[in-house]
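Given next are the chains, with one letter for each unit.
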Amino acid sequence: MELLLAVTVGWLYACGLYLLLRRTLAQVVIGLALLTNGTNLLIFVAAGLVRGEPPLIGEGQEVLAAGTADPLPQALILTAIVIGFAIQAFAMALAYRVYRSVGSDDIDALTTTEPPPPPVAVQTAEGEP
Amino acid sequence: MGLVVAIAAVFLAVPLALLLPARRWRGLLLAAVPAGVFAYFVSLLDRAAEGRPLAWSAEWFPSLGVELAFRADGLALLFGLLIAGIGAFILVYAEAYMAGKPGAGRLEATLLAFMGAMLGVVLADDVITLFVAWELTSVTSFLLISFEQEKLKARKAAVQALLVTGAGGLALLAGLVVLGQAAGTYRVSAMSAEAVAGSSLATGALVLVLLGAFTKSAQVPFHFWLPGAMAAPTPVSAYLHSATMVKAGVYLLARLHPVLGDLEGWRPAVVSAGAATLAVGAFVAVHERDLKRILAFTTVGALGFLTMLLGLGTELAIKAAMVFVAGHALYKGALFMAAGAIDHGTGTRMVDELGGLRRAMPWTFAAVAAGSIGLAGFGPVLAFIGKEAALEAGLEDGGAAGGWALAAIVFSGALFTAAAVVLLRPFFGAERAPGHPHEGSAGLLAGPLALGALSFGLALAPGVIEGRLIAPAAAAVAGEPVKVSLKLWHGFNTALGLSALSVGGGVLLGFAVPRATALTGRLMGARWFPSGPKVYDWLYYGMQRLARFHTVWMQRGYLRGYIAVVLLTFVGLAWAALVRWGGSIERDWLTPAFYEAAVAATIVAGATTAIVHMSRLAAVTALGAVGFGVAIVYALFGAPDLALTQIVMETLTVMLFVLVFYRLPKLVDRGPMRRRLRDGAIALAVGVTMTVLVLASLGHQQGQPISSYFGETAYLEAFGKNVVNVILVDFRSLDTLGEIVVLGTAAFGVFALLRVRRWSR
């Protein structure tokens with residue numbers, strides 16, 4: 001099973017990075033999502049797989065029984081899942097904003113750090129174009 | 001302690017110079033500080049002569065054996081007296097030279113800072129202390145050369161000087177550390193020549209230290225920065241580039257002579273560098289028409305002369321060097337200050353535009369005459385005694401080095417004399433000057449006249465310094481007691497004959513300049529002639545071109561390009577580590593159940609769909625399949641919390657994707673097939689690497705995992721039975737707080753990105 005999941009991790013990385021190397025903004029964002037899942041799974045698999053023994057202290061016991069899953073990587077991954085979501089949400093909002101501002105979802109169309117100033121003629125009294 | 005106070009007093013005068021109003025007495029007041037230091041050094045002379053020099057030290061980096069250590073032996077005091085004594089005159093001169101112009105206070109303050117640093121160099125007994133002061137002189141010198149910062153030439157010259165001496169400084173630092181390692185101590189006075197000679201590091205230390213000394217003392221081929229530094233105001237040139245800073249390299253050679261002088265490479269390297277510098281400096285000097293540049297090149301020559309003598313390293317040569325250090329500082333200081341007075345009085349420094357000044361500027365004439373006799377090295381001046389001793393040292397040596405030294409002295413003696421004649425010519429003939437020539441003020445003349453007079457006085461009564469100053473200094477350089485008896489008149493001997501010969505030739509040459517030098521001047525001005533400034537420019541701009549080329553080549557501006565480089569580097573490094581590790585990844589795996597295999601297959605299929613399918617809906621669905629597949633893996637292998645979180649977050653992610661993708665255009669895979677294949681290959685390489693890394697890490701555990709600690713204490717100390725939850729909210733609750741902050745920040749970011757309207761079209 002480890003072998004199978006290791007290949008899955010590798011494939012998630014390959015697909016995620018392939019998308020990260022694309023020119024289309026949405027593909028990059030999808031790539032990011034795949035990478036997030038791949039990395040979480042990587043930590044999970046590398047810590048060692050234990051079938052069906054969650055790190056819970058049993059009824060009437062005071063310490064965690066031997067043979068249960070490792071709690072530490074799980075704590076790390078839990079944090080990572082949440083932060084990964086935050087990053088994806090931000091990346092998507094950014095992609096949307098870039099598309100709205102530049103008018104293209106081609107990364108190579110992003111050639112300036114600032115959008116050109118709006119033409120003076122269409123400026124209203126409030127300064128809004 | 002007194003030594004520290006002396007150095008500190010000079011530094012404390014720096015703010016004073018900035019705060020005092022620009023009055024004529026300010027220069028005098030400030031000069032009182034170095035004058036006091038001078039008097040203090042005089043009081044230390046007897047101790048040094050008796051062989052028990054004043055020393056002071058304090059711990060600095062005890063773990064590294066580095067101390068703040070000062071020691072006033074004969075050599076330190078000789079240089080210290082020159083620095084403080086000439087420094088006092090320079091401050092008075094600077095006040096008069098600036099004549100109330102703005103920035104005079106800044107100039108004097110920087111001069112004082114430089115003076116303090118320079119005293120630090122010569123008094124330091126610890127090589128690290130010495131290095132710090134050494135670098136401080138480079139920095140203050142940079143500030144002084146670029147004093148007229150609005151002039152491009154001054155800025156360029158300052159950068160040039162800083163780069164050359166700074167590069168040498170780096171070499172010196174390495175050299176001093178290596179030397180300290182070889183000697184087993186950073187205390188100069190505690191270093192033994194035997195320990196260094198016996199170390200395998202000796203040659204490295206020698207080469208690096210010599211690089212530092214040669215760059216600072218403007219030895220060929222690093223000499224070119226010194227004439228460039230003449231862009232500085234004249235007080236700076238007179239102080240830094242004649243008497244003090246450029247002599248720091250010579251001082252270093254002298255200081256380390258007892259330790260390094262017996263090494264095999266010392267004599268050939270130092271003598272040849274010195275002799276070449278002496279010849280080049282003297283040769284170029286007669287081709288110059290600007291008073292300050294003539295002086296600058298003769299200074300280069302004089303520094304070569306001193307270096308050469310220290311390279312010879314015989315007792316006589318060392319004595320000659322010590323006398324010449326003092327003699328040169330006196331006559332060259334006088335000449336520089338007088339050159340400034342001429343500039344002040346006539347408005348030019350070009351010798352060809354000047355004539356007959358002796359009537360309008362009699363005192364300046366006296367100073368130049370006194371200095372010129374020193375430059376020619378023929379007459380009752382201190383420099384003459386030094387030069388005669390040097391000739392005798394060359395004659396006595398008998399070896400090849402001595403022969404070369406002798407030839408260089410005779411050759412340059414003639415050219416120095418010619419330069420002296422050139423310097424004197426503006427005072428004779430018909431009166432000629434761009435402006436109305438007038439004599440300088442007392443402040444401008446006090447320094448050159450006093451130094452010129454001293455140059456004579458000490459030569460006529462050498463007994464004043466021979467036993468108290470020169471002998472202890474020479475002893476410090478030689479590393480053993482030296483008897484010194486200076487005499488102006490040695491009778492008619494070979495040395496005097498050689499001197500007379502070269503001076504006679506020089507006088508004739510001096511009258512023939514510039515006709516005699518027309519041809520060689522044209523040669524040196526030729527485009528192909530590899531002069532120092534040209535080579536420097538070539539290197540300087542070449543480096544900028546290289547940087548530009550490199551930047552354009554590396555920084556192409558495509559993020560994916562950088563990502564590809566990072567990924568390939570990672571793959572290379574990871575495989576290098578894996579091959580070196582060489583372990584096996586064969587072990588007992590869990591046998592996958594069919595449903596587990598199906599989940600893995602779902603994830604793989606989802607990811608594949610995401611890269612090949614160009615439909616937005618398909619992409620979102622595929623992403624969902626991957627996310628929920630991963631959640632099932634978590635659930636199957638003992639991580640219910642992760643499964644729950646993953647399901648919640650995945651649901652939100654998919655919803656967000658749907659919302660956003662709906663507003664984005666259709667997916668297109670841009671770029672040619674070739675690039676897609678290339679990117680695919682890179683991505684696949686990383687994927688394979690990751691798979692192998694996962695498998696390798698599974699059987700490779702380093703250290704004791706801390707998980708068991710959490711398992712043991714979760715209930716007993718934190719009263720929770722779900723260990724993962726206890727870690728998150730109790731043991732590592734601050735991390736969780738950080739996570740919440742990240743979420744909040746991202747939320748603000750998303751909000752701002754969606755709300756801001758000003759960017760939209």
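Note that the structure is predicted; figures quoted are calculated from it, not measured.

The rules we used
Residues numbered from 1 in each chain as written. Chains lettered and ligands numbered in written order. Predicted model: local features only at pLDDT ≥ 70, side-chain atom pairs only at ≥ 80, totals over all residues. Heavy atoms only, no water. Helix = DSSP H or I, 4+ residues; strand = E, 2+ residues; numbered from the N terminus. Contact = heavy atoms within 4.5 Å. Areas by Shrake-Rupley, 256 points an atom, 1.4 Å probe, with all protein chains shown as cover. Pairing = 2+ DSSP bridges. Core = buried A, V, L, I, M, F, W, Y, C linked by side-chain atoms within 4.5 Å. Buried < 20%, exposed > 50% of the residue type's maximum accessible area, 1.4 Å probe, protein only. UniProt positions renumbered as here; feature names shortened; annotations may be inferred. Patch = residues over 30% accessible without salt bridge, like charges linked within 9 Å, V, L, I, M, F, W, Y side chains within 5 Å. Salt bridge = Lys/Arg side-chain N within 4 Å of Asp/Glu carboxyl O. Axes fitted to C-alpha atoms, helices over the stretch in contact; angles between N-to-C directions. Parallel < 35°, antiparallel > 145°, perpendicular 65-115°, else oblique. Left-handed = near helix turned anticlockwise from the far one by under 90°. Buried area = accessible area lost by both parts, 1.4 Å probe. Domains from an automatic or database assignment. Nonpolar A, V, L, I, M, F, W, Y, C, P; charged D, E, K, R; others polar. Expected span 1.5 Å × (residues − 1).

Undergrad: Would you mind going over the overall build of chain A with me for this structure?
TA: Scanning chain A from N- to C-terminus turns up three helices and zero strands. The linear arrangement of helices and strands in chain A, starting from the amino end, is α-α-α. Considering only residue pairs separated by 6 or more positions, chain A has 52% of its internal contacts joining residues 24 or more positions apart. For chain A, the computed accessible surface area is about 5400 Å², with 64% contributed by carbon and sulfur atoms.

Undergrad: Hey, could you run me through the pairing of strand E1 (residues 54-61) of chain B in this one?
TA: Looking along a regular strand, one sees side chains alternate from face to face of the sheet. All names here are of chain B. Sheet topology places E1 next to strand E2 (residues 66-72); seven bridges connect them, and they run antiparallel. Paired with Ala58 across the bridge in E2 is Leu68. What sits between E1 and E2 in their antiparallel hairpin is a turn of four residues, with Gly65 showing a positive phi close to 75°.

Undergrad: When you look at the nonpolar core in this model, what are you seeing that I'm missing?
TA: Within soluble globular proteins, side chains that are nonpolar tend to cluster in buried spots. Within the largest apolar cluster, 193 residues are counted, with the highest numbers of intra-cluster contacts made by B:Leu111, B:Trp225 and B:Met322. Setting aside anything within four residues of it in sequence, one finds B:Leu111 in contact with B:Ile90, B:Leu91, B:Ala94, B:Leu144, B:Val236, B:Tyr239 and B:Leu240. Membership of the second largest hydrophobic core comes to 80 residues, among which are A:Leu35, A:Ala75, B:Ala622 and B:Val723.

Undergrad: Can you help me understand the UniProt feature "domain: NADH:quinone oxidoreductase/Mrp antiporter transmembrane" (unreviewed entry) in chain B in this one?
TA: Per the UniProt record, "domain: NADH:quinone oxidoreductase/Mrp antiporter transmembrane" (unreviewed entry) is found at residues 124-412 of chain B. The span residues 124-412 of chain B carries 76% helix and 0% strand; its end-to-end C-alpha distance comes to 33 Å.

Undergrad: Just to check I follow, could you spell out a nonpolar patch on the surface for this structure?
TA: Residues and elements named next belong to chain B. A surface patch of nonpolar side chains, about 370 Å² in accessible area, is lined by Trp60, Phe61, Leu64 and Val132. Inspection of the secondary structure puts Leu64 in the loop between E1 and E2. Using a relative accessible area of 57% as the deciding quantity, one classes Leu64 as exposed.

Undergrad: Would you mind showing me how to read the UniProt feature "domain: NADH-Ubiquinone oxidoreductase (complex I) chain 5 N-terminal" (unreviewed entry) in chain B here?
TA: The feature "domain: NADH-Ubiquinone oxidoreductase (complex I) chain 5 N-terminal" (unreviewed entry), as given by UniProt, occupies residues 63-106 of chain B in the numbering adopted here. The distance separating the terminal C-alpha atoms of residues 63-106 of chain B is 39 Å; by composition the span is 64% helix and 16% strand.

Undergrad: What exactly am I supposed to notice about the UniProt feature "transmembrane region" (unreviewed entry) in chain A here?
TA: As recorded in UniProt, the feature "transmembrane region" (unreviewed entry) lies at residues 75-96 of chain A. Helix makes up 100% of residues 75-96 of chain A and strand 0%, with an end-to-end C-alpha separation of 32 Å.

Undergrad: Just checking my understanding: could you explain the pattern of salt bridges for this structure?
TA: Side-chain pairing between opposite charges can occur once the charged atoms of the two side chains come close. In total, this model carries 23 salt bridges over all chains according to the counting rule given. Note that B:Asp46 is salt-bridged to B:Arg468, the shortest N-O span being 3.3 Å. Linking B:Asp46 in helix H2 (residues 24-49) with B:Arg468 in helix H20 (residues 463-478), this pair joins segments that are 422 residues apart in sequence. The exposure class assigned to B:Arg468 is partly exposed, which follows from its relative accessible area of 35%. Several salt bridges converge on common partners, so that one network encompasses A:Arg23, A:Asp106, A:Asp108 and B:Arg560.

Undergrad: I tried to follow the packing of helix H14 (residues 315-346) of chain B against helix H19 (residues 442-460) of chain B on my own but got confused; where do I start?
TA: For any two helices packed against each other, one specifies the inter-axial angle together with the distance between the axes. Residue and element names in this part refer to chain B. One way to put it is that H14 packs onto H19 with a least axis distance of 8 Å and a crossing angle of 150°. It follows from the interaxial angle that H14 and H19 lie roughly antiparallel. H14 and H19 meet at a crossing whose hand is left-handed. Residues Leu330, Gly333, Ala334, Met337, Ala338 and His344 of H14 form the contact with H19, whose participating residues are Leu444, Gly447, Pro448, Leu451, Gly452, Leu454, Ser455 and Leu458.

Undergrad: It is not clear to me how the interface of chain B and chain A should be interpreted in this structure. Could you clarify?
TA: Interface size is often expressed as the accessible area that is lost when the parts come together. Contacts between the two partners involve 96 residues from chain B, matched on the other side by 84 residues from chain A. Note on chain B versus chain A: buried area summed over both sides is about 8500 Å², and carbon and sulfur give 73% of it. Per-residue buried area on chain B facing chain A is highest for B:Phe637, B:Arg670 and B:Leu753; these three make up 8% of the total on that side. The interface formed by chain B and chain A includes three salt bridges. In this structure, B:Arg560 engages A:Asp108 in a salt bridge whose closest nitrogen and oxygen atoms are separated by 2.9 Å.

Undergrad: Mind showing me how you'd approach the domain arrangement of chain B here?
TA: Parsing chain B into structural domains produces domain 1 (279-528), domain 2 (558-711) and domain 3 (712-761). Look at where the C-alpha atoms of domain 1 of chain B and domain 2 of chain B centre, and you get two points 79 Å apart.

Undergrad: Got a minute to help me understand unusual backbone geometry in this structure?
TA: It is generally the case that most residues other than glycine have a negative phi and that most peptide bonds are trans. All names here are of chain B. Look at the link from Val220 to Pro221: it is a cis peptide, with omega at 5°. Structurally, Pro221 is set in the loop between helix H8 (202-216) and helix H9 (225-228). One non-glycine residue, Ala218, lies in positive phi territory at about 55°. Counting through the fold element by element, Ala218 comes out in the loop between H8 and H9. Judged by its relative accessible area of 0%, Ala218 is buried. You will see that Phe719, though not glycine, has its phi angle at about 55°, which is positive.

Undergrad: Any chance you could explain the side chain of B:Thr307 here in plain terms?
TA: All names here are of chain B. By the element assignment, Thr307 lies in helix H13 (residues 291-312). Among the residues examined, Thr307 registers a relative accessible area of 0% and is labelled buried. Contacts of Thr307, omitting those with residues within four sequence positions, involve Phe214, Gln219, Val250, Leu253, Val270 and Gly274.

Undergrad: Sorry if this is basic, but what is going on with the packing of helix H1 (residues 2-20) of chain A against helix H28 (residues 673-698) of chain B here?
TA: Following both chains from N to C, one finds H1(A) and H28(B) inclined at 150°, their axes separated by 7 Å at the closest point. With respect to H28(B), the axis of H1(A) lies roughly antiparallel. The chirality of how H1(A) crosses H28(B) is right-handed. Contacts between H1(A) and H28(B) involve A:Glu2, A:Leu3, A:Ala6, A:Val7, A:Val9, A:Gly10, A:Trp11, A:Tyr13, A:Ala14, A:Leu17 and A:Tyr18 on the former and, on the latter, B:Arg676, B:Asp679, B:Gly680, B:Ala683, B:Leu684, B:Val686, B:Gly687, B:Met690, B:Thr691, B:Val694, B:Leu695 and B:Leu698. Of the residues contributing to the contact of H1(A) with H28(B), the split by class is 16 nonpolar, four polar and three charged.

Undergrad: Explanation requested: H28(B) in the structure shown.
TA: A turn of α-helix holds 3.6 residues, and therefore any two residues three or four places apart point the same way. Look at H28(B): 37 Å from first C-alpha to last across 26 residues, which is about the 38 Å you get at 1.5 Å a residue. Of the positions making up H28(B), those classed as buried are B:Asp679, B:Ile682, B:Ala683, B:Val686, B:Gly687, B:Thr689, B:Met690, B:Thr691, B:Val692, B:Val694, B:Leu695 and B:Ala696. Against H1 and helix H2 (25-46) of chain A together with helix H24 (559-581) of chain B lie the buried residues of H28(B).

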